[in-house]
Structures are given as structure tokens and as C-alpha cells.
Amino acid sequence: MFKITSLAFLLIVATSSFAQKKQPELKYDGYLFAYFEGSGKGDLQEQLRFATSSDGLNWSALNKNQPVLKADEISLSGGIRDPHILRTEKNDAFLITATDMNTVKNGWGQNNGIVMLRSSDLIHWSHSAIDLTKQYPKFFANVQWVWAPQTIYDPVVKKYMVYFTVKFKNDNKLDFYAAYANKDFNGFESQPKLIFSPKFGGIDGDIVFKNGTYHFFFKGNTKVDGKEVKNGIQQATSKSLKGPWIEDFKYLDVYSDKNIAVEGSSVFKLNNSDDYVLMYDLYTKGKYEYQTSTDLFNFTKVSKSFTKNFNPRHGSVIGITKSEARRLNDEWECVPAALLQPTELSDRYVFKSTGNPIIKHHFTADPAALVENDKLWLFTGHDFEGDQKGYKMKDWLVFSSTDMTTWTEYPVPLKLSDFSWAKGGDAYAAQVIKRNNKYYFYVSTNAYGIGVAVSDKPEGPYKDALGKPLLTNKDCFDSKNYWACIDPSVYIDGDGQAWIFWGNSECYFAKLKENMTEIDGEVKRINFEGFDFTEAPWLHKKDNLYYLSYATGFPEKTAYATSKNISGPWKYRGILNEIAGNSDTNHQSIVEFKNQWYFIYHNGSIQPNGSGHSRSVCIDKLFHNQDGTIKRISMTSEGLMQ
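Analysis parameters
Residues numbered from 1 in each chain as written. Predicted model: local features only at pLDDT ≥ 70, side-chain atom pairs only at ≥ 80, totals over all residues. Heavy atoms only, no water. Helix = DSSP H or I, 4+ residues; strand = E, 2+ residues; numbered from the N terminus. Contact = heavy atoms within 4.5 Å. Areas by Shrake-Rupley, 256 points an atom, 1.4 Å probe, with all protein chains shown as cover. Lys, Arg positive; Asp, Glu negative; His and termini not counted. Charge placed at Lys NZ, Arg CZ, Asp CG, Glu CD. Disulfide = S-S within 2.5 Å. Buried < 20%, exposed > 50% of the residue type's maximum accessible area, 1.4 Å probe, protein only. Salt bridge = Lys/Arg side-chain N within 4 Å of Asp/Glu carboxyl O. Polar contact = N/O pair within 3.5 Å; in protein donor to acceptor, adjacent residues only side chain to side chain. Pairing = 2+ DSSP bridges. Axes fitted to C-alpha atoms, helices over the stretch in contact; angles between N-to-C directions. 1 Å grid on protein atoms, 1.4 Å probe; cavity = no way out; pocket = protein on both sides within 12 Å on 5 of 7 lines; lining within 4 Å. Points joined across faces, edges and corners; volume = space filled by probe spheres on them. Nonpolar A, V, L, I, M, F, W, Y, C, P; charged D, E, K, R; others polar. Core = buried A, V, L, I, M, F, W, Y, C linked by side-chain atoms within 4.5 Å. Phe/Tyr/Trp six-rings, centres within 6.5 Å; stacked < 30°, edge-to-face > 60°. Lys NZ or Arg CZ within 6 Å of the ring centre and 35° of its normal.

A. Local environment of the overall build of the chain. Assigned secondary structure in the chain consists of seven helices and 41 strands. If one aligns the C-alpha atoms of the chain with their principal axes, the spans along those axes are about 95 × 45 × 45 Å. By sequence separation, contacts in the chain at least 24 residues apart represent 52% of the contacts at least 6 residues apart. Accessible surface computed for the chain: about 27,200 Å², of which carbon and sulfur atoms make up 48%. Computing the positive centroid from 74 side-chain charges and the negative centroid from 74, the chain places the two 4 Å apart.

As C-alpha cells, this is what we get:
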């Protein structure tokens, strides 16, 4: 065991407290959870996985819950367990330690060491495996278990201490050993030494520093006459990392009195909060729960479950910045949109499309494109959640691209709440058009009517231009339902006249005045033979021929008609797009960009929880035939990547 004098102990306390307080903190926007799986295919369970969260309580697995590193490439046994992740003091690297153990292949009989990994970007990791029996045979030749390593920075010696549980074959006691990592974090400076020997033994240690005190959390137990009568999460405290550690023998988890086993305790602090989360693995129940505390001594008396789409075993959590979250998403996807989406006016999120859907971190719908010079602007609706049973749409999103592969996301340009008159509505389909160096955002709000907002920049922000609706159900004569006044589409003809089309069940159109915020003349309704209109009108023009595309039937397909005059008469030309997979609605935008026509639409294909109310925008190429018809759209998963 490490030994220190009383004077040295006092110096360590003072120096440690000062050093810990002095270290500045980054502004964290979310969390990263490093874990291994507890279910599924056996040879994939004991692998390193990542998940992210914007609030520390609701989690999404990265890489579709597949390993982010191959255990057989980083470990001696072919498996890793109990990963612990730590950010370095200088914020220039990340450290992971894990148990080098493959129970699926080798059982629980013995493991000899740990795995150490280091990264500067959370993506690329250097690695090494430490076998205590080979590196330190004089002392550890008879070791049976080396479990749950973790790392903490020692501000006194300015080094990283790695600590873990050790059991020897000839001794049932489980104790904690530690050693300082070398500079490259691929080994130890010297042989590990005993740092803490709990009265009845312990595993899964986790040390947290707060207000001059080190809190050593671990799974402990109580024995009477050598027989265990109780176990659960306990803690010991010290003013120094090297001890002495004082046990309080109290149980912190709510399950210790219920004879339900927990292990893998790990503590992390919530961002911008005084709360700490004590999480643990209910490994016999397949659950992962937590309690909270503000002082690390007193924890809530009721446990709660994380929301997650994976089944974690023993793991750990760190705070991450938005830029780190974006980097993780670029590599493995599935990071929550809240950690990617720009919020500051100057912030931008740049990402690449890898096929359809083109945007995978948001649920997007009702696309509308605007081409300006060498840039395509894409405005979309926003289905807020996955696997919804109804529409929850409260804002619109905006993206741009110069090559249809690399996209830039901007802060939310317009919210439903920006229209004071649209209380209780939804942010339905919209379109943006430019006129006189201003950009006009026409939106539908379900039963509250069609509004218009204006901005000096395509990315916004936009402001309500009227303070009232531009159109309401009163303008929809012969309408069959209360949501008739939706889905505006605006087109400026070659003579400078602006037109607006809209409707559900009935298709209406009217001229717009030069100011783009007033109707010019009477509202008219479109009707022609074969016209079975549902919603989503869109106008485009090619070779002096006007094309009116629209949703038809339900579930919806996309049909189209042509005319030599924008006000008609129109001729039905057939189906353009079949029912979009997993979505009852079908909403399109058709534009020419860099001498290629594109069909932009939505479906419910995003995995795993896309639906007809959780939709995703896709893009495929569109081709006009010489006779004025359009080649039927072929919806593809590859999209523009093929």
C-alpha cells in the first residue's frame, strides 16, 4: 500500500483541492456513454459501443448499436467489458480503459489484464493490452481476475492513475490496485500497488472528486460469520487519491434492501446542473437505472430508468461539446438532432448525404427547394419525433448545398410560434421564394390558414410579414374540410406575375401583388378531366410548358398535369410517383439545378423508427420526355449516390 507522512498528507490535500478547482471546464452540450452490450449475438456482446444524449437521461446508440471498435483487434482475449472513458485535463485527448475478458469464449475462470486506449478525436484510437501475469510475474503470476479498470487524473503528481479490482487464485478477497499510466497511455510506469482494501471486498470502483473530497464508489457487501447477507453500492472517502479510504458501510442504491443485485456503478455530473447521476446495471433484470445527488452523500430514494434503444452493461459517461457530437455523427450516425442542430445565428452544421434519406438526424417532410445561382436551398417541415402516431410539427428547417452531396444546416429559420395568430396549429408544408432582394416564406398552419414571413437572407431568421393570415378557409369556397387552406406553392412567371396555389381536396390559385403579401383579384379553383386532387400542388416550367404536380388519392401518389398557360386549361398526364414507402402522404418539389432536374420528396424510410408521421426527405433525378411528359420517378435508396 502507498504510505505517506502526516505533513505530506496535509500538503497533498491543499495542493489537490487547489489544482482541481483551478482546472477550467469546457461548455458541454451533451453526453457520450461508453458501454458493452448485455444481449444479442454472443460474440458481439463484449465489444466497445457508444451512445449519445442531449440530456444525460435519454440515449441513442451510435452506429445502430454495432461496435465502434473490434474487440479482437484491441484485446488479448477477443472481448472487452466495463469500458471507462475520461477526458484529459488539457482537453486534448480521451482515455479508455476496459476489462480484457471474453466470457462468451473463455468463461469466468480467469482474466489477466486490461485494455488501454487513447484518442485525440473520439474516432481513431491507439490501443494496448496489459497482461499483469506477464509484465509483473513476481507479484501477479497467481492473479485470477483483473476487473473494471478506471482512470483519474492525480493533480499532485500530474499523472493519470489507473485503478482496478484484483482477485488472486488463493484468496477470495477482492481489492483495488492502482498504477500510474505512462506518458503514451499504453502501459504502467511501475508495478500496480494496493490502494484500497474494503473490509468485505469490492468491485467496480469509480472515484469522483468534489469539494476537496474523493468519493470512491464501489459494489460492496456485508458479511456475518463469513457469509454475505447483503450487497450493493457503497462508498469510501478520502482527501487523497492514495488514501487512506474511510468506508461508511452505507448502501446507496435502492435495491440493496430488496435483494436485487446491481453492479457497474458509475457517476457523472449533469451539464449546467448541480446534480450528479449514479447509474448502475441491474444485470439480473436487464435494466439500467439511476439515482441522483447534489452532494454525493445523499441520493434520491427512488430509482429511475434511462430511455434508450440498446441494452447496456457496465459503462461510463462524459460530457461532450457540439463539435464532438457532430464528429461522432459523421463517423457513426444516430446522434440526437439536438446535439447537431445549430442554435447560434453564426453556427452551421455541415454533413454529407450518403443516399436516401438525405437527412438522417432530423425527421423532415414537405420539401421545397429554391435555386439561387450555384446553391440549392432546401426548406423542410420537421416531424419532431420518431414513430409518431400523429403530427407534431412546430418549426421549419433550412439546408443548402452546392453539389447535392455536402449539405449545410442553419439555425431554425421560422417557428410556428412566430405567428401569434396560429395558436394550436402545426407547422405544415411551406415554400420560400425570392423577390426584390427579399425572401418570402409561405407556410400552412393547418386550420389557422396560410401565413407569410419575410427575411433579407434565405437562411433567415424570418418574421411574420402581416400579423395575420394571408389566406383562410373563407378563401376556400366549396371546401370539404376545415384543413382546406394548406400547402402553399408560389411561382413567379416570366412576365413577373406571382401566383400562389394551395388546397386540400380542392386546388385553389390566385395572383399575388408585387408586395407578395396580398392577393390580387379573385381566388379561382382548378378543375379538369382526370383531376383527383388531394394536396401538395407544385409548379415548374420547362420549354414553355407549365407542369402542375400534386398528391392524389390516399395513401398518396404524385400525379401531374401540363398546360401552355399557368391559369389553364390543364391536361392530366398521369402518375409521376408511386406511394412513398411507409408514408401515407407524398409531397414533392421539382427544380432544375446545374442543368439537372430533381424530384425531392419524403417517405417514412428512416430506420428504425420512421413512419407516416416521422418522415424523411429524399432526392432522385427527374427526366422530361421530348413529348412533354415526365419519366416516372424511380425512388431509390442510393439516391444521387448511384
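B. Quick peek at the state of the cysteines. Inspection of every chain in the model, using the stated rule, returns zero disulfides. Cysteine cysteine 334 shares no disulfide, and the gap to the nearest cysteine sulfur, in cysteine 618, comes to 16 Å. The partly exposed category is assigned to cysteine 334, whose relative accessible area is 26%. Note on cysteine 507: no disulfide assigned, nearest cysteine sulfur contributed by cysteine 476 at a separation of 10 Å. Taking relative accessible area as the criterion, cysteine 507 reaches 1% and is therefore assigned buried.

C. Fine view of the environment of glycine 467. Following the sequence through the fold, glycine 467 ends up in the loop between strand 30 (463-464) and strand 31 (489-492). Sequence separation between glycine 467 and glycine 604 is 137 residues; the distance between their C-alpha atoms is 34 Å.

D. Focus on the side chain of aspartate 154. Of note, aspartate 154 is situated in strand 8 (residues 143-154). Lacking a salt bridge, the buried aspartate 154 has lysine 242 as its closest oppositely charged neighbour, with an N-O distance of 4.7 Å. At 3.0 Å, the side chain of aspartate 154 and the backbone nitrogen of valine 156 are in polar contact. When sequence neighbours within four positions are dropped, the list of residues in contact with aspartate 154 reads Lys159, Tyr180, Leu241 and Lys242.

E. Quick look at the pairing of strand 20 (residues 316-320). The buried fraction of strand 20 amounts to five of the five residues, a majority that puts the element mostly inside the structure. Of the two faces of strand 20, both are covered, the one formed by Ser316, Ile318 and Ile320 as well as the one formed by Val317 and Gly319. Taken together, the five bridges between strand 1 (residues 30-35) and strand 20 define a ladder with antiparallel strand orientation. Each bridged residue has a counterpart across the sheet, and for tyrosine 31 the counterpart in strand 20 is glycine 319.

F. Fine view of the sheet that holds strand 32 (residues 498-502). Judged by pairing direction, the sheet is antiparallel, and its four strands sit side by side in the order 31-32-33-34 without closing on themselves. Either end of the sheet is taken by a strand with one partner, and the two such strands are strand 31 and strand 34 (519-526). Each neighbouring strand pair of the sheet contributes to a mean axis angle of 20°, computed without reference to strand direction. Taken together, the five bridges between strand 33 (residues 507-512) and strand 34 define a ladder with antiparallel strand orientation. Its bridge partner being in strand 34, cysteine 507 is matched across the sheet by isoleucine 526.

G. Layout of helix 7 (residues 322-332). Among all positions of helix 7, only Lys322, Glu324, Ala325, Arg326, Leu328, Asn329 and Trp332 are buried. Directly beyond the C-terminal end of helix 7, a positive phi value near 60° is found at glutamate 333.

H. Here's a closer look at empty space enclosed by the protein. Applying the stated rule across the entire model yields one cavity of 30 Å³ or more. Here the largest cavity is characterised by a volume of approximately 40 Å³. Every residue along the wall of the largest cavity is listed here: Pro367, Ala368, Ala429, Ala430, Gln431, Asp487, Pro488, Ser489, Pro537, Trp538 and His587. Secondary-structure elements contributing two or more residues to the lining of the largest cavity are strand 22 (363-372), strand 27 (430-435) and strand 35 (535-542). Looking at the lining of the largest cavity, its residues break down into seven nonpolar, three polar and one charged.

I. Representation of the nonpolar core within the structure. Among the nonpolar cores identified, the biggest contains 58 residues, and Phe50, Trp125, Leu328, Leu378 and Trp407 are the most heavily contacted of them. Here this core gets five residues from one element, more than from any other, and that element is strand 40 (residues 596-603). Once you skip the residues sitting within four places of it in the chain, phenylalanine 50 turns out to touch Leu32, Phe33, Ala34, Tyr35, Ala61, Leu62, Val68, Ile96, Leu122, Trp125, Leu328 and Trp332.

J. Looking closely at the packing of aromatic side chains. Within this structure, the stated rule accounts for 54 aromatic pairs. Taken together, Tyr31, Phe33, Tyr35, Trp59, Phe268, Tyr288, Tyr290, Phe306 and Phe310 form an aromatic cluster joined through their ring pairs. For the cation-ring pair, lysine 159 lies above tyrosine 180, with the distance from its terminal atom to the ring centre recorded as 6.0 Å. The ring of tryptophan 145 has lysine 167 lying over it, and the distance from NZ or CZ to the ring centre is 5.4 Å.

K. Inspection of the sheet that holds strand 18 (residues 287-293) at higher detail. Reading across from one edge, 16-17-18-19 is the order of the four strands in this open sheet, with antiparallel pairing throughout. Each end of this open sheet is capped by a strand with a single partner; those strands are strand 16 (263-269) and strand 19 (304-305). The pairing of strand 18 with strand 19 spans two bridges and is antiparallel. Note on strand 19: the bridge partner recorded for tyrosine 290 is lysine 304.

L. Region of interest: the environment of glutamine 47. Along the polypeptide, glutamine 47 turns up in the loop between helix 2 (42-45) and strand 2 (49-53). Residues glutamine 47 and isoleucine 80, spaced 33 residues apart in sequence, show a C-alpha to C-alpha distance of 5.5 Å. Among all residues touching glutamine 47, those that are not within four sequence positions of it are Tyr35, Phe36, Glu37, Pro67, Leu69, Lys70, Ala71 and Ile80.

M. Quick look at the pattern of salt bridges. Within this structure, the stated rule accounts for 24 salt bridges. The residue lysine 159 makes a salt bridge to glutamate 189 at a minimum N-O spacing of 2.9 Å. Of this pair, lysine 159 sits in strand 9 (residues 159-168) while glutamate 189 sits in the loop between strand 10 (175-180) and strand 11 (193-196), placing them 30 residues apart in sequence. Two residues, arginine 615 and aspartate 383, come together in a salt bridge whose shortest N-O distance is 2.8 Å. Linking arginine 615 in the loop between strand 40 and strand 41 (616-622) with aspartate 383 in strand 23 (residues 375-383), this pair joins segments that are 232 residues apart in sequence. Taken as a pair, arginine 615 and aspartate 383 share a single burial class, namely buried.

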